[in-house]
Amino acid sequence: QVQVVESGGGLVQPGGSLRLSCAVTGRIFRIRTMGWYLQAPGKQRDLVATITAGGITNYADSVKGRFTISRDSAKNTVYLQMNNLKPEDTAVYYCNADVNNLDYWGQGTRVTISS
């Protein structure tokens, strides 16, 4: 079994920072692309950022210059450093990983930006 577990969400004031982590555990042979997605209330789940096994990154336009995705392949972990947070970043953030050619999602971690 493979598990994907996010952590690091919380309540932050506008302009603040948060770092999300996502650890993949279990019977892992290969992890390809890992990524973060967000889902705001009443909206669809949207891409935030992805990173390939080779380190190629892709970002949604709304987070470019503010968010940084990285991964530690030795720990099967992906991170999302979020800076200069805005109220519109408020959402549940989900981690996604291509593990052994199958798609896995975490349970989500809530991020709330409010003064």
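Residues numbered from 1 in each chain as written. Predicted model: local features only at pLDDT ≥ 70, side-chain atom pairs only at ≥ 80, totals over all residues. Heavy atoms only, no water.

**Student:** Help me understand the sheet that holds strand 7 (residues 67-72), please; the structure alone is not making it clear to me.
**Tutor:** Paired through their backbone hydrogen bonds, the strands of a sheet run either parallel or antiparallel. Read from one edge to the other, the open sheet built from 4 strands follows the order 1-3-8-7, with strand pairing classed as antiparallel. Strand pairing shows two members of the sheet lacking a second neighbour, strand 1 (2-7) and strand 7, which therefore form its edges. When strand polarity is set aside, the average angle formed by the axes of neighbouring strands in this sheet is 15°. Judged from the 6 bridges that link them, strand 7 and strand 8 (residues 77-82) form a sheet pairing that is antiparallel. Bridge pairing in strand 8 places Arg-71 opposite Val-78. (Pairing = 2+ DSSP bridges. Helix = DSSP H or I, 4+ residues; strand = E, 2+ residues; numbered from the N terminus. Axes fitted to C-alpha atoms, helices over the stretch in contact; angles between N-to-C directions.)

**Student:** Honestly, the state of the cysteines in this entry has me stumped. Any pointers?
**Tutor:** Each disulfide is one covalent bond, formed between the sulfur atoms of two cysteines. In the structure shown here, the tally under the stated rule is 1 disulfide. Between Cys-22 and Cys-95 runs a disulfide, and the two sulfur atoms are separated by 2.1 Å. Disulfide Cys-22-Cys-95: torsion about the S-S bond near -80°, hence left-handed. Of the two residues, Cys-22 sits in strand 3 (residues 18-26) while Cys-95 sits in strand 9 (residues 91-99), which places them 73 residues apart along the sequence. Residue Cys-22 shares its accessibility class with Cys-95, and that shared class is buried. (Disulfide = S-S within 2.5 Å. Buried < 20%, exposed > 50% of the residue type's maximum accessible area, 1.4 Å probe, protein only.)

**Student:** Help me understand the packing of aromatic side chains in this model?
**Tutor:** Two descriptors summarise a pair of aromatic rings, namely the distance from one centre to the other and the angle between the planes of the rings. Applying the stated criterion across every chain, the model contains 1 aromatic pair. Judged by centre distance (5.1 Å) and plane angle (65°), the ring pair of Tyr-37 and Trp-105 falls under edge-to-face. Here Trp-105 lies in strand 10 (residues 102-105) and Tyr-37 lies in strand 4 (residues 31-39), a separation of 68 residues in the sequence. Here Trp-105 falls in the partly exposed class, since its relative accessible area comes to 37%. (Phe/Tyr/Trp six-rings, centres within 6.5 Å; stacked < 30°, edge-to-face > 60°.)

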